[in-house]
Amino acid sequence: MTDRSDRRFVRRLPYAATLALAPVAALAYIGCGDDDAPSGARVNLDPGGTWGAEVTVTVVGRGRVHSGTRGIDCPTGACFAKYVFPDNAADGATGGIQLNATPTAGVKFLGWSFEPTNLGARGRGPEGCNPVTRLATVPAVSTSDPQITLPFGETDGTSPPGQEANCGAFRRVPLAYKVTATFEAELPTFDAGFDAGADEVFYEAPDLTATNARGLGITSNNGLYWAYSLGASSVIAYGASPNSAIGPATALKVATVTTLGSFRVHPRGVVYTDGNNVYAIRATTPTQPVLVGDLGTIGQCRGFAIDTSSNVYCRTATSIVRWLSVGTVYAAPTVLYGSNLPGGNEIMVESALGPIWIDTGAGASSTGIASLPLTDPDGGAASPTPIITGRTSMTNVRSSSLGFAWSELGDGVFTTTSKTAGATVTESTVTTGTLSSLAQDQNSSTSWIAAGLNGIFLVSLGTGTTFRSGNQFNGAASTSSYVFWTTTTDAAIHRASRF
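The paragraphs below set out a description of the structure included in this document.

Rules used in this analysis
Residues numbered from 1 in each chain as written. Predicted model: local features only at pLDDT ≥ 70, side-chain atom pairs only at ≥ 80, totals over all residues. Heavy atoms only, no water. Core = buried A, V, L, I, M, F, W, Y, C linked by side-chain atoms within 4.5 Å. Buried < 20%, exposed > 50% of the residue type's maximum accessible area, 1.4 Å probe, protein only. Helix = DSSP H or I, 4+ residues; strand = E, 2+ residues; numbered from the N terminus. Contact = heavy atoms within 4.5 Å. Polar contact = N/O pair within 3.5 Å; in protein donor to acceptor, adjacent residues only side chain to side chain. Phe/Tyr/Trp six-rings, centres within 6.5 Å; stacked < 30°, edge-to-face > 60°. Pairing = 2+ DSSP bridges. Disulfide = S-S within 2.5 Å. Salt bridge = Lys/Arg side-chain N within 4 Å of Asp/Glu carboxyl O. Patch = residues over 30% accessible without salt bridge, like charges linked within 9 Å, V, L, I, M, F, W, Y side chains within 5 Å. Areas by Shrake-Rupley, 256 points an atom, 1.4 Å probe, with all protein chains shown as cover.

This part is about the nonpolar core. Ranked by size, the top nonpolar core spans 30 residues in total, and within it Val 55, Val 57, Ile 72, Leu 99 and Trp 112 carry the most contacts. When contributions to this core are tallied by element, the ones reaching two or more residues are strand E2 (51-60), strand E5 (80-85), strand E6 (96-103), strand E7 (108-114), strand E10 (147-151) and strand E12 (172-184). Discounting residues that sit within four places of it in the chain, Trp 112 has contacts with Val 65, Leu 99, Asn 100, Ala 101, Ser 142, Thr 143, Asp 145, Pro 146, Ile 148, Val 179, Thr 180 and Ala 181.

Set out below in structure tokens:
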């Protein structure tokens, strides 16, 4: 692991504030929820509704979080408040709770973070049906904005163990938020090139002993994901707000996996396996892994895809299998194609309406790209329609809304600007060396970013630009403003302005 003292920034440690958790007046209910009730306490007050929010605030550093007249003034006053309404049409039930971060003089607000931890709540059922537990919500807010609004809402939680059958009608509870506001007494000091093209560590790995960052990718809603090694296990990490001017940031640990098999970041989310089961992290719930299904009757998946409806697809040696997303769970797998499927490792599905794109051939014999309709019209007997043919040793096959990209013989990037049969193939002007990753550039559906043995490259319409040279890169991704990458020497995410 690289000594962090030689990185090109100076990081000041924030001061931790002592919290005071106390019941406060809510909009439609006075009191505290099970989130902060003493262990073993009997909570038998009907909350009066299931629409609203329970908010727990933590302040780190010298600053204040307040919600105006709505109950929160942390850390000197109340750091917990509960807002419950009879329904979403009740007076005051629209909108949400606004939190304002105010730094002490000379202090900088660094941002918000949300912990998707499991919290208890008082439901409307009898005492034996409480507490109802549910995951704290991670809202779609700007984590660097000092003023945010946490929406009101409701969700189905989980009844106490053994009470699932008797208490199924009483699982509806308000949303929960567990939010931390971080302030720093001294502004982070970066070199003069910060946010102006200089390399910097932007996301720290949550574990100091982490190594071997890999699998870097970014979703369509700007969620950055990667995996790293932690002893004998692997951790999947998530970084929010990658375009923020505030850094460095510490990523969230989304999952710890004893045996991490396949791991792939798609625009619609993340799919990974632990050797026995398939999991998805959907872009709509960016820090909540969902069990998709087990591999017992399917066999090992050579490639995965996730479409715009969060349906998950697996390509085995002989078939294509789909798990349909049904609300917050997945249905039993369905075999879409069980014959006439050529060898290959890649599968791409961009829309819930299809088609399915696959590479053809296997290993060094991979020679093209073909398509299949999303619905299997003749019981698995349909043959793929060739799109790209006559290639040699295709790897890292990817697709965008307009075309394909891939590498050949481990030494170049090839692209098309069409996805129809006979599409023109253009070779880039850069020599990448063996590629470790290839991803669509968020600036354009005809641009790609490649990390290879010779560096990081931006490729568009056959032209190529060397963004960084060297042989330490093993993953790259981009937003409209920045390029991100991992190296073989640490588990952090490095960033530089692309302009």
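The subject of this paragraph is the side chain of His 66. The topology assignment puts His 66 in strand E3 (residues 63-66). Within the structure, His 66 has its side chain in polar contact with the side chain of Thr 102 (distance 3.3 Å). When near neighbours in sequence (up to four residues on either side) are disregarded, His 66 contacts Ile 72, Asp 73, Gln 98, Leu 99, Asn 100 and Thr 102.

Further remarks concern the packing of aromatic side chains. Going through the model one piece at a time under the given rule, you end up with 13 aromatic pairs. Judged by centre distance (5.9 Å) and plane angle (45°), the ring pair of Tyr 83 and Phe 152 falls under tilted. Taken as a pair, Tyr 83 in strand E5 and Phe 152 in the loop between E10 and strand E11 (154-156) lie far apart in primary sequence, 69 residues in all. Judged by its relative accessible area of 0%, Tyr 83 is buried. Arranged with centres 6.1 Å apart and planes meeting at 90°, the rings of Phe 473 and Trp 485 form a pair that is edge-to-face.

Hydrogen bonding along the main chain pairs the strands of a sheet, whether they run parallel or antiparallel. Taken in spatial order, the five strands line up as E18-E14-E44-E43-E42 in an open sheet, and their pairing is mixed. For this open sheet the edge positions go to strand E18 (249-250) and strand E42 (473-478), each flanked by a neighbour on one side alone. For strand E43 (residues 482-487) and strand E44 (residues 493-497), the ladder comprises four bridges, and the chain directions are antiparallel. By the bridge assignment, Tyr 482 is partnered in E44 with Ser 497.

This paragraph deals with the state of the cysteines. Taken as a whole and assessed by the stated rule, the structure comprises three disulfides. Two residues, Cys 129 and Cys 167, share a disulfide whose sulfurs are 2.0 Å apart. Torsion about the S-S bond of the Cys 129 and Cys 167 cystine: about -75°, corresponding to left-handed handedness. One end of the pair, Cys 129, is in the loop between strand E8 (118-121) and strand E9 (132-135); the other, Cys 167, is in the loop between E11 and E12, with 38 residues separating them in the sequence. Its relative accessible area of 4% is what places Cys 129 among the buried residues. Between the sulfur of Cys 301 and that of Cys 314 lies a disulfide, 2.0 Å long from S to S. Linking Cys 301 and Cys 314, the disulfide has an S-S dihedral of approximately -105° and is accordingly described as left-handed.

Attention shifts here to the side chain of Ser 407. Inspection of the secondary structure assignment puts Ser 407 in strand E35 (residues 404-408). A polar side-chain atom of Ser 407 sits 2.5 Å from a polar atom in the side chain of Thr 395. Looking at Ser 407, its side chain comes within polar contact range of the side chain of Asn 396, at 3.4 Å. In this structure Ser 407 touches Ser 393, Met 394, Thr 395, Asn 396, Gly 412 and Leu 435, once residues within four positions along its chain are discounted.

A separate point is the pattern of salt bridges. One pass over the full model with this rule turns up 13 salt bridges. In this structure, Arg 134 and Glu 54 form a salt bridge, with 3.4 Å as the shortest nitrogen-oxygen distance. Taken together, the positions of Arg 134 in strand E9 and Glu 54 in strand E2 put the pair 80 residues apart, joining distant regions of the chain. A salt bridge links Arg 64 to Asp 73, with the nearest nitrogen and oxygen atoms 2.7 Å apart. We classify Arg 64 as partly exposed; its relative accessible area is 38%. When its relative accessible area of 26% is taken as the criterion, Asp 73 is described as partly exposed. Connected through shared salt-bridge partners, Glu 54, Lys 82 and Arg 134 make up one network.

Moving on to the sheet that holds E10. Spatial strand order, E4-E3-E6-E10: four strands in an open sheet with antiparallel pairing. Among the strands making up the open sheet, the edge pair consists of strand E4 (73-74) and E10. When E3 meets E4, the two strands line up antiparallel, connected through two bridges. Bridge assignment links His 66 to a residue of E4, and that residue is Asp 73.

Moving on, we get to unusual backbone geometry. Cis peptide bonds are those with omega within 30 degrees of zero, and the linkage from Asn 130 to Pro 131 qualifies with 0°. Within the chain, Ser 310 stands out as a residue other than glycine whose phi angle is a positive 70°. Locating Ser 310 in the fold gives a position in the loop between strand E24 (303-306) and strand E25 (312-315). Unusually for a residue other than glycine, Leu 461 sits at a positive phi of about 50°. Note on placement: Leu 461 falls in the loop between strand E40 (455-460) and strand E41 (463-469). Residue Leu 461 is classed as exposed on the basis of its relative accessible area, which comes to 57%.

Right, let's talk about a nonpolar patch on the surface for a bit. A cluster of nonpolar side chains, Leu 324, Val 326 and Val 329, forms an exposed patch at the surface whose accessible area comes to about 240 Å². Positionally, Val 329 belongs in strand E28 (residues 329-330). Classification of Val 329 as partly exposed rests on a relative accessible area of 46%.

Moving on, we get to the environment of Thr 489. Residue placement: Thr 489 occurs in the loop between E43 and E44. Between the alpha carbons of Thr 489 and Thr 211 there is a distance of 7.3 Å; along the sequence they are 278 residues apart.

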